[in-house]
Amino acid sequence: MWNQPYLETCCRSALHRLTLVGWPGRPDGLKDGPCLNRLAGMGLARLRPDGRYEATEAGLDRHATEIAPRARPVSARIGSRQPV
């Protein structure tokens, strides 16, 4: 049974960007600011004292289970083309 709040597509993208950027974090005031703020309210991100957002452990777990649940081989991502 699903027991987590729904993430809009824009918020899923913002969480994914947080995981991609890693330690440097995302600055406040960008176009995805409302989503970052919403993610912080859900406990999936936090605003650091330096004014940048970073993913929390809960955010990293949510990303791993919902957004990027498993790594796919490169061949699967490019249409399973086999080298000749």
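Q: Sorry if this is basic, but what is going on with the packing of aromatic side chains here?
A: In this structure the tally under the stated criterion is 0 aromatic pairs. The ring of tryptophan 23 has arginine 48 lying over it, and the distance from NZ or CZ to the ring centre is 5.7 Å.

Q: So what exactly am I meant to see when it comes to the environment of alanine 45 here?
A: The topology assignment puts alanine 45 in strand E2 (residues 45–47). Residue alanine 45 is classed as buried on the basis of its relative accessible area, which comes to 4%. Distance in space between the C-alpha atoms of alanine 45 and leucine 15 is 7.9 Å, their sequence separation being 30 residues. Not counting residues within four places of it along the chain, the set of residues in contact with alanine 45 comprises Leu18, Leu36, Leu39, Ala40, Glu54, Ala55 and Thr56.

Cut-offs applied
Residues numbered from 1 in each chain as written. Predicted model: local features only at pLDDT ≥ 70, side-chain atom pairs only at ≥ 80, totals over all residues. Heavy atoms only, no water. Phe/Tyr/Trp six-rings, centres within 6.5 Å; stacked < 30°, edge-to-face > 60°. Lys NZ or Arg CZ within 6 Å of the ring centre and 35° of its normal. Helix = DSSP H or I, 4+ residues; strand = E, 2+ residues; numbered from the N terminus. Buried < 20%, exposed > 50% of the residue type's maximum accessible area, 1.4 Å probe, protein only. Contact = heavy atoms within 4.5 Å.

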